[in-house]
Amino acid sequence: MNSKSITHRQYFAIALPFIVSTVTQPLLGAVDTAVVGHLDSPIYIGGVAIGTVILNTLYWLFGFLRVSTTSQSAMALGTKKKEDIIASLSRPFILAAGMGLLFVMLQIPIWHAARSLMAPEPKVAEQAGIYFSILIWGAPFVLLNYTVIGWLMGQAKTRETLITQVSGNILNIILDIIFVTGFRLGVAGVAVASLIAQFSTLALGLYFVHQTAPISLSDYLAQLRMKSDDIRIIASSNIDLLLRTVCLLIMFNLMTKVGASLGATELATNAVLMQVTFIISYIFDGIANTSSVFSGKSVGQQDAELMSLTFLRNRQWTIGVMLIMSSIVGIFGRDLGRIFTNIPEILTNYQTVYYWGIIFPIAAGFGLTLYGIFTGAGATRPVRNSTFKALLGFLGTLAVCVPLWGNTGLWLAFIIFYIGRGAFLYPYVGQVQSKIK
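An account of the accompanying structure is given in this report. Think of each chain on its own: its residues are numbered from 1, step by step along the sequence as written. It should be noted that, the model being predicted, local features are given only for residues of pLDDT at least 70 and side-chain atom pairs only at 80 or more, the latter also being counted only at that level, while totals for whole chains, interfaces and linings use all residues. Side-chain metrics in this entry use all non-hydrogen atoms of the structure; hydrogen atoms and water are not considered.

### So, the overall build of the protein
Phase 1 of the analysis: For the purposes of this entry, the term helix denotes a DSSP run of H or I that reaches at least four residues, the term strand denotes a run of E that reaches at least two, and both are numbered from the N terminus. What the protein contains, in helices and strands, is 18 helices and 0 strands.
Phase 2 of the analysis: Radius of gyration means the value over C-alpha atoms here, while the globule rule gives 2.2 Å times the residue count to the 0.38 power. Scaling as 2.2 N^0.38, a compact globule of 437 residues should have a C-alpha radius of gyration of about 22 Å, and the protein matches this with 21 Å.
Phase 3 of the analysis: A 1.4 Å probe rolled over the protein chains alone gives each residue an accessible area, and that area as a share of the maximum for its type sets the label: buried under 20%, exposed over 50%, partly exposed in between. Considering the protein as a whole, with its 437 residues, one finds that 59% of them fall into the buried category.
Phase 4 of the analysis: In this description, contact between two residues means that some pair of their heavy atoms is separated by no more than 4.5 Å. Counting contacts in the protein only where the partners sit at least 6 residues apart, residues at least 24 apart contribute 86% of the total.
Phase 5 of the analysis: Residue-level accessible areas treat just the shown protein chains as cover; the underlying method is Shrake-Rupley with a 1.4 Å probe. Total accessible area on the protein is roughly 17,700 Å²; 67% of this is exposed by carbon and sulfur atoms.
Phase 6 of the analysis: Across the protein, 28 positive and 18 negative side-chain charges occur, with their mean positions spaced 8 Å apart. When charges are counted, neither His nor the chain ends are considered; positive counts come from Lys and Arg and negative counts from Asp and Glu. Taken as the charge location is NZ of Lys, CZ of Arg, CG of Asp or CD of Glu.

### Re the environment of isoleucine 283
Phase 1 of the analysis: Assignment of secondary structure puts isoleucine 283 in helix α12 (residues 264-301).
Phase 2 of the analysis: For the pair isoleucine 283 and alanine 96, spaced 187 residues apart in sequence, the C-alpha to C-alpha distance is 25 Å.

### Things to note about the environment of valine 148
Phase 1 of the analysis: Note that valine 148 resides in helix α7 (residues 139-154).
Phase 2 of the analysis: Looking at valine 148, the relative accessible area reads 0%, which means it is buried.
Phase 3 of the analysis: Distance from valine 148 to proline 42, taken between C-alpha atoms, is 36 Å for residues 106 residues apart in sequence.
Phase 4 of the analysis: For valine 148, the contacting residues outside a window of four places in its chain are Leu89, Phe93, Leu202, Gly205, Leu206 and Val209.

Dropping the structure here:
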């Protein structure tokens, strides 16, 4: 691709599959919430919400595997060297497998620690325990999927990424309905459906990796031997992204913990609105992934013009999606709660918080897309620093506003956090541009 040819059409050709493939991930949580939300008690929504937070805490700690693999894969796409292409997948793949197995082995202490920290009501904790004890066995599949999907994204394999993500998620949705509505397995059915889909997604992703780069296993194993400089670069970028993820997890866990302290109804209500914000976030993440591919390629090719155009397209598409998402929630927001539950007290409570979903796209847009340019270019430290500063803003708002306004103060802190992610990241733009000498 010529650096002068990043038209909106070409950007859209990569962005659309990425948006569709990434947005199917929160749709799974939305379907899980909707399926159990039509059972006869809010404890089921609360149980899935608590279980999801615990698992996401584990997985998001290693979310850098997807981000850093995309960056390294995109740079390898720019250099076109076989050894770079192999190394960009094999090294994070081994790390993901090891950590996934470790989570499985430590599942009992992880559950007890998380339950003590979250302190949900006993009936909610019982449902969360069922969900967690089944789905924790999928930890190796989830982390390996991060590396496989990240690698395919970095290689600009939009069709393969789309098929892999959407196929696994559609399977999950179908099994959700069969196991919960048909077999009446409750929360256990939701967990088993996700476990089967996670394994299926990994199998399909590995098939596409082989189709993209039909390289022998011995070649992959040879690239596992790293020089000290390789280890230093990988460790530095991954630690930055790990610390950034820790900040995100502190924020999300506090959202859940404070919501749980306000009661089962408030927790369930927040879980419904959180599904709306997750879907919007992942749409923005599709733009971030697209920008990551272009910025990584521009560093690999040392193309300053390509980088400038990447910033421009990122900005234009972010503004467009911000306005569209905010308008959609503004028009349909009041009725979205009915998709997830028919429990009257939750629906009534939802009417008092839904407007945060209108504000969210405008507040969060740039923070959720701009970071893709940074990670694609390998400039990870600004991402870490800006997220840490945003967390401080969240904690300060939480301490002041929750005692005054309860759940309203909690959501205000949430919005402040996302405004901070973009505001604190923008001053570091020069560090990305310096990657091209």
